Amino acid sequence: MKKFVLLLAVLGLALTGLPAMADMHGCDVAAPAEPVQVNFIGWTFPILDFYASEIESCNQIENLDVNAQVLQSADAQNEMRLAASSTGASPYDIIHGSNAFIGELAALGWLMPLNDLIDEYSEAYDLGDMSDAMYAAASLDGNVYGIPIIVNTSIFMYNRDLLEAAGVEPPQTYDDVIGICNSMALEGAGADMGFGLVVSAGWAWRVEYVNLYGTYGGHLLDENLMPAFNSETGVAALDKLLEIVDACLGEEGVLLSTDDVQAGLANGSIAMAHIWASRAAMMDDEELSDVVGVIEFAPALHATVDTPKRGGIPWADFLAIPATSEIDKDLLFQIIMEAADLDSQLGAAEFGLVPRNGASANAPRYSEASLTTIAEGGPAIDHPAQQIANSALGQFLPMAATGEMTSAEALQAAADLYVEEATAQGYIG
């Protein structure tokens, strides 16, 4: 049985202040003998955009043309899945993906194992500066398919001034959030919206459902890779998510993207939000935020006082090489490492958590909230079959939100679809 293992037990990151913005670093790879074009694709968010600029800095090398393309997450993943389904040469030479997505592409055989290149360049790029757990997060059947660049999770952010003005204590559970939303106290203190949560697309419903399901201690799949999310616990988690949405978001709130929620926090119109930790640095950027120093960062919330876990799971992001790329793999690996070396990760630490131990002195202000969430949150995505479950959940969860299905019906429909697809792909038989 194929096992895609995610281990993020010990990251060894120090919890210190936010650094000053670093300049983009140079690219120190040997010029190819003939002109070469290298195409990179990933999905856009601040820290990944930084890494994309680091990759694109290799344009300064003679005979090397690097095109870095960053899209919205669903669009980027669709482009890569389409490329992975083709029998021809890959249109992309370096790709970005989270642990779950790297596992999916590796299971399809589309990614190149990096073990030999890691061994060859380990000393030159100090690859031992990142823990074995990080490499394990992009490993399948003993092969490493990605170089770690980002550690991420979801955390709780709130506007300290708005909560104080409303006489509201920072919530510890989603039940607290629901009570605050129903009281309208934060709107009375000047917020346009008390609480923000991203559920504007099927994938977003799935992300937040998995976060909440994890607070109840649930695993998406059982030990035989059969669906476990269509259980009483799974229904309770979806019911809780619908309760949060009904109490807090309204017709306009359900349409907000991650960028919209980030902007609402940064301009003071949204008082509280559950959002990716990689968006936190923007709150302390005077060019992007009207509330610098006012936004507090806390670990993801528990669903209720009785749920054992916090509502966030560990994620990591990686750079990888498609096996069908026709570009010299040594060159591609060196470009990746120029973007993932210590200097680059020191710069990237301004935008989020990074895996290099040597960059720990630059860990941002929200590090403690993030690492607490990782340590106390739900289980990580740890098998490529879970990506099939994710896709099925993304298809049916919105139907529970619109009332087309009950929570139990939506989860059962997702489970049935998962079983069909996982059987077809050989994960269950």
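Refer to the structure above for everything that follows.
Everything numeric here is computed off the predicted structure, so don't read it as measured data. (Residues numbered from 1 in each chain as written. Predicted model: local features only at pLDDT ≥ 70, side-chain atom pairs only at ≥ 80, totals over all residues. Heavy atoms only, no water.)

A. Highlighting the overall build of the chain. Helix and strand counts for the chain come out as 17 helices and twelve strands. Taking 429 residues into account, the globule formula puts the C-alpha radius of gyration at 22 Å, and the chain, at 21 Å, falls close to it. With the principal axes as the frame, the chain shows a C-alpha extent of 65 × 55 × 35 Å. Counting the 429 residues in the chain, one finds 59% classified as buried. Counted over contacts in the chain with a minimum sequence separation of 6, partners at least 24 positions apart contribute 77%. (Helix = DSSP H or I, 4+ residues; strand = E, 2+ residues; numbered from the N terminus. Rg over C-alpha atoms; globule rule 2.2 N^0.38 Å. Buried < 20%, exposed > 50% of the residue type's maximum accessible area, 1.4 Å probe, protein only. Contact = heavy atoms within 4.5 Å.)

B. Geometry of the environment of Trp 276. Tracing the sequence through the fold places Trp 276 in strand E10 (residues 270-276). Residues Trp 276 and Leu 288, twelve residues apart in the sequence, show an inter-C-alpha distance of 17 Å. Sequence-distant contacts of Trp 276, that is, excluding residues within four places in its chain, are made with Asn 152, Thr 153, Ser 154, Met 157, Val 207, Thr 258 and Trp 315.

C. Quick look at the sheet that holds strand E11 (residues 295-298). Ordered by their spatial adjacency, four strands build an open sheet running E9-E10-E8-E11, and the pairing between neighbours is mixed. Here the strands that pair on one side only, and so sit at the sheet edges, are strand E9 (193-196) and E11. For this sheet the average axis-to-axis angle between neighbouring strands, irrespective of direction, equals 15 degrees. The pairing of strand E8 (residues 154-159) with E10 spans five bridges and is antiparallel. Note on E10: the bridge partner recorded for Ser 154 is Trp 276. Across the sheet, helix H12 (residues 258-267) lies against E8, E9, E10 and E11, angled at about 140 degrees from E10, the strand it touches most. (Pairing = 2+ DSSP bridges. Axes fitted to C-alpha atoms, helices over the stretch in contact; angles between N-to-C directions.)

D. Structural view of the side chain of Thr 173. Along the chain, Thr 173 turns up in the loop between helix H6 (160-166) and helix H7 (174-183). Using a relative accessible area of 6% as the deciding quantity, one classes Thr 173 as buried. Among the polar contacts made by the side chain of Thr 173, one reaches the main-chain amide nitrogen of Asp 176 at a distance of 3.0 Å. Not counting residues up to four positions away in its chain, the partners in contact with Thr 173 are Leu 301, His 302, Ala 303, Thr 304 and Val 305. (Polar contact = N/O pair within 3.5 Å; in protein donor to acceptor, adjacent residues only side chain to side chain.)

E. Representation of the sheet that holds strand E7 (residues 147-152) in the model. Taken together, five strands build an open sheet; the order of strands is E3-E2-E4-E12-E7 and the sheet is mixed. Looking at the sheet topology across the chains shown, the edges are occupied by strand E3 (64-71) and E7. Between one strand axis and the next, the sheet turns by 15 degrees as a mean value, whatever way the strands run. By the bridge criterion, eight bridges tie strand E2 (residues 36-43) to E3 in an arrangement that is parallel. In the sheet register, Asn 39 faces E3, and the bridge partner there is Asn 67.

F. Highlighting the packing of aromatic side chains. Applying the stated criterion to the full structure yields eleven aromatic pairs. When the ring of Phe 156 is compared with that of Phe 195, the centres are 6.4 Å apart and the planes differ by 25 degrees; the resulting orientation is stacked. Of this pair, Phe 156 sits in strand E8 while Phe 195 sits in strand E9, and the two are 39 residues apart along the sequence. Under the relative-accessibility criterion, Phe 195 is labelled buried at 0%. For the ring pair Tyr 209 and Tyr 213, a centre distance of 5.7 Å and an interplane angle of 5 degrees mean the geometry is stacked. (Phe/Tyr/Trp six-rings, centres within 6.5 Å; stacked < 30°, edge-to-face > 60°.)

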